[in-house]
Amino acid sequence: MTTAAVTEFVPLTWELAPGAPASTHVPPLDDVEAATRWLAAAAPSLRAALHEHGTIFLRGLPITGVEEFGRVRDALMPARTPYREKATPRSDFGNGVFSSTDLPAAQPIQMHNENSYTLTFPGLLMFACLVAPPEGGATPVADCRRVLAELPPALVAKMRATGWLLNRSYSEHISTDWRTAFAADVPADVENYCAQNLITCQWQSDGHLRTSQLRPGIITHPVTGEQVWFNHLAFWNEWSLDDELRETLIDEFGHADLPFNTLLGDGSLLTREELRVLRTTYEAATVRQQWQVGDLMLVDNILCAHGRDPYRGDRKIVVAMGEPVDILDCAPTVDPAASAAEQLR
C-alpha cells in the first residue's frame, strides 16, 4: 500500500489490552506531510475513540523532532492553551511545544489533571516520544470516571460539597519563584492576575508570596456529560512528600510555607489514610504503555489524569496543550473562588 493510498482514511482498529491504553498502529506514512494529511482525515474517528477511552495511543508515526511534532499538533489541535500558574520546571522548545516535566529521572510524578487549579485549562494533551528511555519512563494515565466511581462515598461527598484548596508559597530556594510562576516582573502584575483569576495573594515581610484558591474537585465533561474526579488534591498534599523531606520542610519553613499543600474546601485536612486510598484508587484505574520513538498519545485532560514513571537513561517526551476549557462550562459542584485570607496562614 502506498503512502498516497493510506492518506485516504481507513477505519481504525483499537487494541484494548489489559493494563494498556487503547492503541493502534497507523498505516505506513513516509513523512510528516503524509502523516498530517492522514491525521486530518482520521480526526473524527480519533475524537470518538478519545471520548470513549479517555486516552488513545498511536504507534508508528514519522515524528522524530520538535518541528514534526508541532505540525502534527497543528493538524489535530489547532487551538492552543498557554501554560499558566507554572508549578514545575519545563523546557520551552517554542511554537507551543514543551518538554514533559523536567524533574529528576528517579522521581515519579503522581496522577493529576493538567492545570486543574486554573479557571481555564487544556481540554486536550498531546505527548510524543522523540527519545525512548531504555528502562521505565512511561506516562501512565488513569480514567477519572472510574476514580470517582470507586472512591469512598464519604470522601466524594466532601469533595462534592466543598471542593478543594490549593495553597502555594513561592521561593527561589525550594519552589518555583513568583516571577516564573506568573511570568511577571513586578508584584502589581501578579496581583492583577490573581484578582482576575480568583486567587488570594499575600506578600510576606521578606518579599516572598503566598497564594490560595478554592476550586471544584468534581466536574462534568462538557461533551460526554460524564462526571469525573478532577483535581490536584493528592498530587500536592503534604502527605505525598517523603516523610523525612516533609518533616524537614515543616521544621524549616512551617506548614504555611510548604511549596504546595492541599486541603478540602472547608479547610479540613486530608488524612494520611485518605491519601493512601486516593493513590490506591488512581493505581487501580491506571494504564500505561512503554514509549517508542514516533509514538503519539492523546489524553482528554478531563476524562484522564496522567503522571510519569521513574526511568533510567535518556528520555525526551514533548507535550502540547490545547482546546482550552472554562471551568464554568463543566457544571462544577462548587464554584471557584479566592480563598479566605486565613487559609494562607
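Keep in mind it's a predicted model, so treat the numbers as computed, not measured.

Please give an account of the pattern of salt bridges that cites residues and values.
In a structure, side chains of opposite charge can pair up when their charged atoms sit close to one another. Counting across every chain of the model gives 18 salt bridges. Between Arg73 and Asp74 there is a salt bridge, with its nearest N and O atoms 2.6 Å apart. Assessed through its relative accessible area of 36%, Asp74 is described here as partly exposed. One salt bridge in this structure joins Asp243 and Arg272, with 3.3 Å as the shortest N-O distance. One end of the pair, Asp243, is in helix H8 (residues 243-253); the other, Arg272, is in helix H9 (residues 272-284), with 29 residues separating them in the sequence. Under the relative-accessibility criterion, Asp243 is labelled partly exposed at 40%. On the basis of relative accessible area, Arg272 is assigned to the partly exposed category, the value being 44%. Each member of the salt-bridge network shares a partner with another, and the members are Glu33, Arg37 and Arg71.

Describe in detail the packing of aromatic side chains, supporting the description with residues and values.
In this structure the tally under the stated criterion is nine aromatic pairs. When the ring of Tyr170 is compared with that of Phe182, the centres are 5.5 Å apart and the planes differ by 50 degrees; the resulting orientation is tilted. You can see Tyr170 sitting in strand E9 (residues 164-170) and its partner Phe182 sitting in helix H6 (residues 178-182), a full twelve residues away along the chain. Judged by relative accessible area, Tyr170 falls into the buried class, the value being 3%. The interplanar angle of 45 degrees and the centroid separation of 5.3 Å between the aromatic rings of Phe235 and Trp236 together place this pair among those described as tilted. On the basis of relative accessible area, Trp236 is assigned to the buried category, the value being 8%. By the ring-pair criterion, three or more aromatic residues cluster together here, those being Tyr117, Phe235, Trp236 and Phe260.

Account for H8, with residues named and values stated.
All of the buried residues in H8 are Arg246, Leu249 and Ile250. All buried residues of H8 lie within an arc of 95 degrees about the axis, which places them on one face of the element. Of the residues in H8, the exposed ones pointing more than 90 degrees away from the buried face are Glu244, Asp251 and Glu252. Of the residues one or two after H8, Gly254 is the one with positive phi, at around 85 degrees.

Any chance you could break down H9 for me, citing the residues and the numbers?
Two residues of an α-helix separated by three or four positions point the same way, owing to the 3.6 residues in each turn. Counted at 1.5 Å a residue, the expected span for H9 with its 13 residues is 18 Å, and the 19 Å between its end C-alpha atoms agrees. All of the buried residues along H9 are Glu274, Leu275, Val277, Leu278, Thr281 and Tyr282. Down the axis, H9 shows its buried residues gathered within 160 degrees of arc, on one side only.

Outline a negative patch on the surface, supporting the account with residue identities and numerical values.
Residues Asp242, Glu244, Glu247, Asp251 and Glu252 make up a contiguous surface patch of negative charge. Along the polypeptide, Asp242 turns up in the loop between strand E13 (227-229) and H8.

Analysis parameters
Residues numbered from 1 in each chain as written. Predicted model: local features only at pLDDT ≥ 70, side-chain atom pairs only at ≥ 80, totals over all residues. Heavy atoms only, no water. Salt bridge = Lys/Arg side-chain N within 4 Å of Asp/Glu carboxyl O. Buried < 20%, exposed > 50% of the residue type's maximum accessible area, 1.4 Å probe, protein only. Helix = DSSP H or I, 4+ residues; strand = E, 2+ residues; numbered from the N terminus. Phe/Tyr/Trp six-rings, centres within 6.5 Å; stacked < 30°, edge-to-face > 60°. Arc of directions from axis to C-beta. Expected span 1.5 Å × (residues − 1). Patch = residues over 30% accessible without salt bridge, like charges linked within 9 Å, V, L, I, M, F, W, Y side chains within 5 Å. Areas by Shrake-Rupley, 256 points an atom, 1.4 Å probe, with all protein chains shown as cover. Lys, Arg positive; Asp, Glu negative; His and termini not counted. Charge placed at Lys NZ, Arg CZ, Asp CG, Glu CD.

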